[in-house]
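Below are the chains, spelled out letter by letter.
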Amino acid sequence: MADGKASGGKRPNKRERAASERLPVGKYEDVEFAEERADTDDLEARRRAEEADARAERL
């Protein structure tokens, strides 16, 4: 470890570090939705998620 690298592997590059910082949210994890920061795709995704939740509750 004299070279600053973790033992057993290489150091992550800039792209790998950035990807690890935005890991996907868990399937059942509750997140806060920021309406003021949402774009059209975000609003559509929220609408579809709400519809899917409603269908799941009916089953």
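None of these values were measured; they are calculated from a predicted model. (Residues numbered from 1 in each chain as written. Predicted model: local features only at pLDDT ≥ 70, side-chain atom pairs only at ≥ 80, totals over all residues. Heavy atoms only, no water.)

Draft legend 1. Main features of the overall build of the protein. Along the backbone of the protein there are 2 helices and 0 strands. With 59 residues in all, the protein has 0% of them scored as buried. Taken as a whole, the protein presents about 6,100 Å² of accessible surface, with 49% of it coming from carbon and sulfur. (Helix = DSSP H or I, 4+ residues; strand = E, 2+ residues; numbered from the N terminus. Buried < 20%, exposed > 50% of the residue type's maximum accessible area, 1.4 Å probe, protein only. Areas by Shrake-Rupley, 256 points an atom, 1.4 Å probe, with all protein chains shown as cover.)

Draft legend 2. Quick look at the pattern of salt bridges. Scanning the model with the defined rule gives 3 salt bridges in all. The partner of R46 in a salt bridge is E35, and the shortest N-O contact between them spans 3.0 Å. In this pair, R46 sits in helix α2 (residues 40-58) while E35 sits in the loop between α1 (14-21) and α2, placing the two residues 11 residues apart along the sequence. Residue R46 is classed as partly exposed on the basis of its relative accessible area, which comes to 31%. With a shortest N-O distance of 2.5 Å, R47 and E44 are connected by a salt bridge. Here the residue R47 and the residue E44 both occupy positions in helix α2, the gap between them amounting to 3 residues, near one helical turn. Ionic contacts of the salt-bridge type, sharing partners, join the residues E44, R47 and E51 into one network. (Salt bridge = Lys/Arg side-chain N within 4 Å of Asp/Glu carboxyl O.)

Draft legend 3. Layout of α2. For α2, which comprises 19 residues, the first-to-last C-alpha distance of 27 Å matches the rise-based estimate of 27 Å (1.5 Å per residue) to within 8%. The N-capping residue of α2, defined by a side-chain oxygen 3.1 Å from the backbone nitrogen of D41, is D39. (Expected span 1.5 Å × (residues − 1). Polar contact = N/O pair within 3.5 Å; in protein donor to acceptor, adjacent residues only side chain to side chain.)

Draft legend 4. Examining the environment of D39 more closely. Among the structural elements, D39 can be located in the loop between α1 and α2. You can call D39 partly exposed: its relative accessible area is 41%. Of the polar contacts made by the side chain of D39, one reaches the backbone nitrogen of D41; its length is 3.1 Å.

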